[in-house]
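Chain and residue survey
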Amino acid sequence: MKKLVVAIVAAILTFGACAQDKVNLPAPRKDAGMTLYQALQQRASVRDFKTDPVPDQTLSDLLWAARGINREDGRLTAPTAMNTQEIRVYVCRNDGAYEYIAKDNCLVKLSDKDLRKDVAAGQGNIGDAPMFLLLVADLNKYNRPGPRTATFGAVDCGYVSQNICLACEALGLSTVPRAMMDQETLKKELGLGEGMELLINHPVGYRK
Ligand SMILES: Cc1cc2nc3c(=O)[nH]c(=O)nc-3n(C[C@H](O)[C@H](O)[C@H](O)COP(=O)(O)O)c2cc1C
């Protein structure tokens, strides 16, 4: 009886934490958008955004394209060196900052703060974008971190970034890959420690 009560209390606490800290995304639509060649034809950096929010369905479609799971063995839409899968994707929007967890198709909340200004870092009107995707290479996932694995991280980040560029076009969104951001504040707020390289961000929204 005691064990049952403990199990029920644990389940309630776990559910409560998840409900508060996790956003379950709708299943991604894997047939959204235009042809690859139309997306390539249209891809261009955009730096002026409407403030209109991006619906969670569209966000789910975009995150799946960025680095979602596309095979039964858990491999991803983006290649990674030795299938290390070291690129982590974070979402910053007005209701807080999250990490995208592909296997659960959800966002796990890391901060209640709106960090978009810290990502925009004062560049033009880019801070108007309703959200930013941040790409982090977790070099700790390599057995022997070093200059070679840092290169792998940067290359692998580029694949995810290009997936985002093309998927944005296909979904009627706009973006620009950016290296500029307030690294120090973002690393602190997102809890990025040693070996977690914050490489690129993407404002995402509807073109003004
Ligand atoms: C690694 C990298 C870093 C970039 N950083 C920034 C940036 O901080 N701010 C910005 O406005 N654009 C940035 N860009 C976008 C480039 O300026 C843009 O891709 C380039 O001018 C070519 O324009 P296009 O993307 O429209 O073809 C970056 C692009 C790359 C690939």
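This text goes with the structure placed above it.
Residues numbered from 1 in each chain as written. Predicted model: local features only at pLDDT ≥ 70, side-chain atom pairs only at ≥ 80, totals over all residues. Heavy atoms only, no water.

Now for unusual backbone geometry. Phi is positive for Asn83, close to 55°, though the residue is something other than glycine. Its location among the elements puts Asn83 in the loop between helix H3 (56-67) and strand S2 (87-93). Classification of Asn83 as partly exposed rests on a relative accessible area of 31%. Even without a glycine there, the phi angle at Gln85 is positive, about 55°. By secondary structure assignment, the location of Gln85 is in the loop between H3 and S2. (Helix = DSSP H or I, 4+ residues; strand = E, 2+ residues; numbered from the N terminus. Buried < 20%, exposed > 50% of the residue type's maximum accessible area, 1.4 Å probe, protein only.)

A separate point is H3. Over its twelve residues, H3 runs 16 Å from end to end, which matches the ideal 16 Å to within 8%, given 1.5 Å per residue. Where burial is concerned, most of H3 is hidden: ten out of the twelve residues are buried. Buried residues of H3: Thr58, Leu59, Ser60, Asp61, Leu62, Leu63, Trp64, Ala65, Ala66 and Arg67, and no others. Those residues of H3 that are buried lie in contact with S2, strand S3 (96-101), strand S4 (106-111), strand S5 (131-138), helix H5 (147-170) and strand S7 (196-205). (Expected span 1.5 Å × (residues − 1). Contact = heavy atoms within 4.5 Å.)

Looking at the ligand, the residues that line it are Arg43, Ala44, Ser45, Arg47, Gln123, Val176, Pro177, Arg178, Ala179, Met180 and Ile200. For the shell around the ligand, the class distribution of residues is six nonpolar, two polar and three charged. (Near = heavy atom within 4 Å. Nonpolar A, V, L, I, M, F, W, Y, C, P; charged D, E, K, R; others polar.)

Here Arg178 is to be found in the loop between strand S6 (174-175) and helix H6 (183-190). Among the polar contacts made by the side chain of Arg178, one reaches the main-chain carbonyl oxygen of Val119 at a distance of 3.0 Å. One polar contact links the side chain of Arg178 to the main-chain carbonyl oxygen of Ala120, over a distance of 2.8 Å. Among all residues touching Arg178, those that are not within four sequence positions of it are Val119, Ala120, Gln123, Ile126, Phe132, Leu199, Ile200, Asn201 and Pro203. (Polar contact = N/O pair within 3.5 Å; in protein donor to acceptor, adjacent residues only side chain to side chain.)

We now examine the layout of surface pockets. Space left empty within the atom packing is revealed by a probe, the size of a water molecule, rolled over the atoms. Taken as a whole, the largest pocket holds about 340 Å³ of empty space. What lines the largest pocket is a set of 17 residues, among which Ala32, Trp64, Ala65, Ala167 and Ala170 lie closest to the centre. Those elements that place two or more of their residues in the lining of the largest pocket are helix H2 (36-42), H3 and H5. The element best represented in the lining of the largest pocket is H5, accounting for four residues. In terms of residue class, the lining of the largest pocket is built from ten nonpolar, three polar and four charged. If you add up the space inside the second largest pocket, you get close to 250 Å³. (1 Å grid on protein atoms, 1.4 Å probe; cavity = no way out; pocket = protein on both sides within 12 Å on 5 of 7 lines; lining within 4 Å. Points joined across faces, edges and corners; volume = space filled by probe spheres on them.)

Here we take up the sheet that holds S6. Backbone-to-backbone hydrogen bonds join strands into a sheet, with any given pair of strands oriented parallel or antiparallel. Overall, antiparallel pairing links the seven strands, which are arranged S1-S4-S3-S2-S5-S7-S6 in an open sheet. Both outer strands of the open sheet, strand S1 (22-24) and S6, are each paired with one neighbouring strand and no more. Examined bridge by bridge, S1 and S4 share three bridges and lie antiparallel to one another. Its bridge partner being in S4, Lys22 is matched across the sheet by Val108. Of the strands in this sheet, S2, S5, S6 and S7 are in contact with H5, which crosses S7 at around 5°. Contacting S2, S3, S4, S5 and S7, H6 runs over the sheet at an angle of about 95° to S7. (Pairing = 2+ DSSP bridges. Axes fitted to C-alpha atoms, helices over the stretch in contact; angles between N-to-C directions.)

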